[in-house]
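Structural characterization, general
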Amino acid sequence: MVKIQTPQAVRGTQDMFGETEERFAHVVATFERVRRLYGFKGLQLPVIEPTSVFARSLGEATDVVSKEMYTFDDRGGDSITLRPEFTAGIARAYLTNGWQQFSPMKLSVHGPLFRYERPQKGRYRQFHQIDAEIIGVAEPAADVELLVMADQLLKELGINDGVTLQLNTLGDTQSRDAWRAALIGYFNDHKAALSEDSLARLEKNPLRILDSKDPKDRPVADAAPVIDAYLSDEAQDFFGAVTAGLDAAGVAWTRNAALVRGLDYYRHTAFEFVTDRLGAQGTVLGGGRYDGLIENLGGPATPAVGWAAGIERLAMLIEGKPENVSVLVISDDVEFEEDAKRVANALRRSGISVYDPLKGNSKRRFEIAKKLNARVVVRFQAERPESAKGRTGFLLRINAQDSSDPVSFAITESILTALQSSFDVTRHERTEFGFSVDGVLAPLAS
């Protein structure tokens, strides 16, 4: 019999399960909660777009378009691309759906993106991002709000330690054009000292030479003209308003004059949240103001600013295991199996997460509870306490894994409160188990 060869996963993709998936889901859930605090509306976009969406927005000469996009002709002969980023698709949706009528818009999206890159730690060919954009607001208040929201997200994920917000201004159109001309002249005078990649960038995206990682380029790049010498009064005022807003919100930042965006539609604020905990891949969240993008796609001049962050990278920075299961309901005796299910359902209806192992004796289920790091175990026992004699019902014992854990105490109180909606609960004194609570439950009369 011929052995069937099992297909392997495509290179640069991953199957997520267990703690990896839990970390991923925790990042997404935290992002969804935080973006709602700031009034951002969720958005779902197609994974495939016309190739022109990215060729026009990212530029034919960029590495993403020329080397990294997954592009193919569909059966109708149209050139289709798997999205390599979100912003261009959002701009396309804004124009084709007539969303100008809703401006200003605060939009958020998350999902998979695709780039044909060399796979490495934290970077995959199918990767995932969270993304937040504000469209239709020219004022620096939009830049400030996005940065404050990003800062809160990182803090709520518990990964803000060692992460630095690096900030720069690219100026307005007048400032940027003057700076760009000065850079081209400067780099032309130092061609002999530049790497081959930077010589190619000099013709296409000269600003990108400033953030080159090639050691050969650094002496020239570090001595290049800085944007400050070319900023108009308006551009200086804009950047000053952004930094003042961050200071007022208590968001720490540092100036990085070498932080740039090579594409011409970027204006004013450019930023990155950077860490040294991920090796060479130090940026965990980045973005900027792109006032010229929608115009590049055939729309009217429309101000916009946004950021994106890799979910995989954020998940890698989370310390400890994300909370997965709060409560297990266990019966010591088959006599109480149906009672246990009724209690589990009552807790779920009250919004308390309950995990049911579905099989195994009580000892085995306690082992599962420990393995799952369940904070609280609700246990049914056949014996009755002395004070419960003469009552119909069953003994409930709520045990916390950690008697000093305030979250476990809160869950315990929530359990008893939730059960009172479906059962007659009689509480008893806490015992030598420290954090245990005993109660006799009887179903309420219907």
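Now for a description of the structure that goes with this document. (Residues numbered from 1 in each chain as written. Predicted model: local features only at pLDDT ≥ 70, side-chain atom pairs only at ≥ 80, totals over all residues. Heavy atoms only, no water.)

Turning to helix 13 (residues 362–371), its buried residues number three or more, namely Arg 365, Ile 368 and Ala 369. For helix 13, the buried positions fall inside an angular range of 100 degrees around the axis, keeping them on one side. Residues of helix 13 that are exposed and point over 90 degrees away from its buried face: Lys 363, Lys 370 and Lys 371. (Buried < 20%, exposed > 50% of the residue type's maximum accessible area, 1.4 Å probe, protein only. Helix = DSSP H or I, 4+ residues; strand = E, 2+ residues; numbered from the N terminus. Arc of directions from axis to C-beta.)

The amide bond that connects Ser 103 to the next residue, Pro 104, takes the cis arrangement and shows omega of 0 degrees. As for its placement among the helices and strands, Pro 104 is situated in the loop between helix 4 (87–96) and strand 5 (105–114). Phi is positive for His 268, close to 50 degrees, though the residue is something other than glycine. You can see His 268 is positioned in strand 9 (residues 267–275).

In this model, helix 1 (residues 19–37) (19 residues) spans 27 Å end to end at C-alpha, consistent with the 27 Å of a helix rising 1.5 Å per residue. Every buried residue belonging to helix 1 is among Arg 23, Phe 24, Val 27, Val 28, Thr 30, Phe 31, Glu 32, Val 34 and Arg 35, and all of these are buried. Next to the buried residues of helix 1 lie strand 1 (41–42), strand 5, strand 6 (126–135), helix 5 (140–156), strand 11 (304–310) and helix 11 (311–317). A positive backbone phi angle near 80 degrees is found at Gly 39, which sits one or two residues after helix 1. (Expected span 1.5 Å × (residues − 1). Contact = heavy atoms within 4.5 Å.)

The 8 strands lie next to each other as 1-5-6-11-10-9-7-8, forming an open sheet whose pairing is mixed. The sheet terminates laterally at strand 1 and strand 8 (254–255), the two strands that pair on one side only. In the sheet, strand 5 pairs with strand 6 via 10 bridges, with the strands oriented antiparallel. When the sheet's bridge partners are listed, Leu 107 is paired in strand 6 with Glu 133. Set on the sheet, helix 9 (residues 233–249) makes contact with strand 7 (163–169), strand 8, strand 9 and strand 10 (283–289); between it and strand 7 the angle comes to about 160 degrees. (Pairing = 2+ DSSP bridges. Axes fitted to C-alpha atoms, helices over the stretch in contact; angles between N-to-C directions.)

Before going further, it helps to examine the pairing of strand 10. Taken across its 7 residues, strand 10 has 6 buried, putting it largely inside the fold. Where strand 10 lies against strand 11, 4 bridges are found, and the strand directions are antiparallel. Paired with Gly 286 across the two strands is Ala 308, which belongs to strand 11.

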